[in-house]
Amino acid sequence: MSSLAEPQASRPLSRSPARSPALSPALGPSRCGGERRKGAPDGGASQETRSADLNHAIRLLEGSDSSNLEEEQLKVLKKVVKRFENGLPLKDLAQIIDILNLCAEKVNEQEAFIEPMCELIKLCGLPFQKKKLSDEVSYSVTVSKLIAQLGYLMRVPSSQVRIQICKCIISFYKMELPRKLLSGVNCRHMLKAQAASRLCLYLNDVDPSGQLVFRSSEILWNLLENTSKEEVVNQLSSLECVHALKEVFVDLLLHGFRHYDRQLRNDLLVIATLVAENPAAPMIESGFTTLLVVLATYTEVKIPNPLLKGLKLTFSYEDFEMKKLLFNIIGILSKDPRAVQLLSENDVMPALLYYVKPHQKPGFHEWSASQYEELQLHAIAILASVAPFLVDKYLSCQANTLLLVFLEWCMGQDPFFGQGNSFHGTGGRGNKLAQMRYSLRVLRSVVSLYDDAVNLNLCDQGAISQLLDILKYAANKSKERDDAILLEIQADTLFILSAVCENDAHRKELFSYEGVDILIPFIQMDPKKLYSGLGHNRLLFSALDCLWACVVGCYIAEDYFLEQQGVFLLLDLLALKQKNLCNIILGILVEFCDNPRTTFHISTWRGEKDQTAANLLIQLWRQEELDLGVKRDRYGRIADVKRPIVSSFQKQQEVIPMPANSPSFAIVEISENIRAKLYLLLCKLGFEDLPGLSAKDFVTLAIIRRYVDFKVGEVWSEVCTELKEEFRPVASDEEALKVISEVSENIGRSVAALQTEVLESHHRQEIREEEKTYTKIQAVHKQKEMVNKSWENFLTRTSNYEALKKAKRLQEKSIEASRSKLKTQNGAVHSTDIKGLSTTIGSGRLVTVESTPSQLIGGPLSGTDLALGKPSVCEGALKNIKRVKTLDSIKKDLGPVK
């Protein structure tokens, strides 16, 4: 047992964070590095041998570089590495530095030294070993030099060495110790020999040396850290062991006055906490549970108890640690139904609620501000675990009122500067967010019980309005900094509102207008934030759950949500096609469709590329069937008319006879995917005249329309299979089952035929559209040809005089042919020739109109309204006009206009 007599030889400098700080040498031996026992073997000779070996290695490395000497040098380095495989002693670090420098010089010329050098550097990353407590101070400068030397070794031109140096530096920050450093093999052998229970049974024996309890606790800690914690706890869970732990703990609690005694007391309390986590441990039977509960409430309730007669607690650091450990053990005991009664009888609830109040300035003999804050947050955190099991006590202590008043203080402007030092104080430095966070956790834990008395009490205190104020407060804070604490506060507040308002129309009305205005920004959240890792995903789910619980079912709130275009926002979220969001959004939309105005909003919505809601729902159906492994052909048609919508998982399941009150797999499957919700929404929209659908969509829609029929066929198929497993139906029943199966199969065939018809009709329509498009293309090409031909004719007329004359003759013939064959008597004949024309193109806007001949005056038109029998005052002027010039000729005569 020499390894037990010298347990500190392989201990690291740093302690485990779960254990108490190092003890002062003046107050007794420390678990961190106590003095050796007198009976332990002396390590002086081994230390001298080690130093001699290192000196020999240094001399050898300083020798000449002959090939024979190189082999010896590598061999001695291998021995050094093997000797110190469990860690480098602080006393030998100076020599190790010299060896590393010598190896660095040789690496430049001999690559064989790279591997042993890396092994030595690797040892530097292990916890250093010490012989005395004073070694930490004595060799601190040497340790600093070694770490600095590791930086200098980066000059070695070897990537392997540099990588090992980086790994060594990283290992300085690792808290987990290698198994081989803590004699794990010995601990496992000891555990097999029932060492834990044996040591615990002898804790109360007579001990003149005063070391029995300390050394025994050290060994128990080694066993817990290096073997199976569950097995150690099982060995300590006998009635005798628990009773022994209790007696030793009480003795140290009442009579231990030294710093060392208080630390040892706390160590035993941690071990007792681990034992209390085992439901089989007789903590209640031994009276240990009662003692711990009474001790935990000693300073808050201040009720005299004979168990603690003569106890005097100080405000020292060790008592502060004990207080936190006692709070922790209350949370563990609350999970044991047998201990709940003890917690109720010993006023645990009032003791924890003592801290649900603003922090007062501490007196001289009290906890410091940071200690009180840590105890306050710890107590409220434990209250969240205990309150659901002590609901009657919770209500009788008016806990809801205290928490709401405390939350009001958290939102207030009173000056308060949180320390934020503890685990529970994370994110609470300089603010009250930590207090708000844990108070809301308490409310969340009690409202999750859905106890009518708790929820009614909350609402009577005006909780709905106050919780909405908290949401606005946290939302405003989130604009300044978007962190995980604020997101958790908002998510918990939304959950509390959901639990309080669900199934109560009056509370939903209280939530309606203000609540909807708060929910809208959450639903409008940037989808990119869902992947931030801070908790936006949880916040969005809480907002959707709050929408479902607090808005749906209240027409006032629903109408206001619709007015704020809430359904459009839900469909925008649905269009993201995130599987974890689709189910809850579809459920909300289905419930909303009971409001007659909702269907119009869904039909009006348009997404990207003018996508309609019907198209989106059908796309989600296809994606869901793809995920379920439903068999379809390449056009999306039914491939199995007997089982048209059965998933691949359903096909693999064997039909097992079930009781009549148990749902079959075909029924259970409805709630495990979103197809039923998609079917209900499309039923609300109607299956006719849906806009924005393609032929592929209509093929899928034919399946969706008969979803219920197909599901009924699945149920009958299960019934048939179950009957044939255990019974043989009579002829009439068998005939009826056959007819039912055929009906279901015929529905599948009819849907498949309809799908084929839809595809063929679409194909014919595509052909017609293609023909129309081709005709249009032909017309365009013909027009282009005519334009090109006209241009060619024009060019010919301008370059060939004979062609121009020919065109003129053709023009005259065309004009002559267009004239009427019947000549009007006394009619005027106008010439179509333009005198003086010298162009090769058609005439422009020049028009010459001759005056009406005098012989026509009084002619056939004289009896009409157009007769000129009554000359106007301008008649003399009209006689002098022989022709009317057009605007072009007038402009030409007038010359340029200035």
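Thresholds, definitions, all that
- Residues numbered from 1 in each chain as written.
- Predicted model: local features only at pLDDT ≥ 70, side-chain atom pairs only at ≥ 80, totals over all residues.
- Heavy atoms only, no water.
- Helix = DSSP H or I, 4+ residues; strand = E, 2+ residues; numbered from the N terminus.
- Buried < 20%, exposed > 50% of the residue type's maximum accessible area, 1.4 Å probe, protein only.
- Contact = heavy atoms within 4.5 Å.
- Areas by Shrake-Rupley, 256 points an atom, 1.4 Å probe, with all protein chains shown as cover.
- Patch = residues over 30% accessible without salt bridge, like charges linked within 9 Å, V, L, I, M, F, W, Y side chains within 5 Å.
- Salt bridge = Lys/Arg side-chain N within 4 Å of Asp/Glu carboxyl O.
- Lys, Arg positive; Asp, Glu negative; His and termini not counted.
- Charge placed at Lys NZ, Arg CZ, Asp CG, Glu CD.
- pLDDT = per-residue confidence, 0-100.
- Phe/Tyr/Trp six-rings, centres within 6.5 Å; stacked < 30°, edge-to-face > 60°.
- Lys NZ or Arg CZ within 6 Å of the ring centre and 35° of its normal.
- Polar contact = N/O pair within 3.5 Å; in protein donor to acceptor, adjacent residues only side chain to side chain.

Moving on, we come to the overall build of the chain. The helix and strand tally for the chain stands at 42 helices and 0 strands. Of all 898 residues assigned to the chain, the portion counted as buried reaches 42%. Of all intrachain contacts in the chain linking residues separated by at least 6 positions in sequence, the fraction that spans at least 24 positions is 76%. Accessible surface, the chain as shown: approximately 50,600 Å² in total, 55% of it carbon and sulfur.

A cluster of like positive charges, contributed by Arg764, Arg768, Lys772 and Lys776, occupies part of the molecular surface. Note on placement: Arg768 falls in helix H39 (residues 731-799).

A few words on the confidence of the model for the chain. Taken residue by residue, the chain gives an average pLDDT of 82. The fraction at 70 or more is 84%. At the low end of the mean pLDDT range in the chain sits helix H1 (residues 2-5), at 32; at the high end sits helix H30 (residues 566-574), at 95. Considering only residues more than four positions removed or in separate chains, one finds that residues 1-45, a stretch of pLDDT under 50, has 82 contacts.

Before going further, it helps to examine the packing of aromatic side chains. Scanning all chains against the criterion turns up 16 aromatic pairs. What links up through ring pairs into an aromatic cluster is the set Phe315, Tyr317, Phe320 and Trp367. The residue whose ring lies beneath Lys432 is Trp409, and the NZ or CZ to ring-centre distance is 4.6 Å.

Inspection of the secondary structure puts Gln564 in the loop between helix H29 (555-563) and H30. In sequence terms Gln564 and Ile520 are 44 residues apart; their C-alpha atoms lie 8.0 Å from each other.

With that settled, consider the environment of Gln653. Looking at where Gln653 falls in the secondary structure, it is placed in the loop between helix H34 (648-652) and helix H35 (665-668). A relative accessible area of 34% means that Gln653 is categorised as partly exposed. Separated by 12 residues in sequence, Gln653 and Phe665 place their C-alpha atoms 8.7 Å apart.

So, on to the side chain of Asn226. By the secondary structure assignment, Asn226 is in helix H11 (residues 212-226). Its relative accessible area of 4% is what places Asn226 among the buried residues. Here the side chain of Asn226 touches Asn222 through a polar contact of 2.8 Å, landing on its backbone oxygen.

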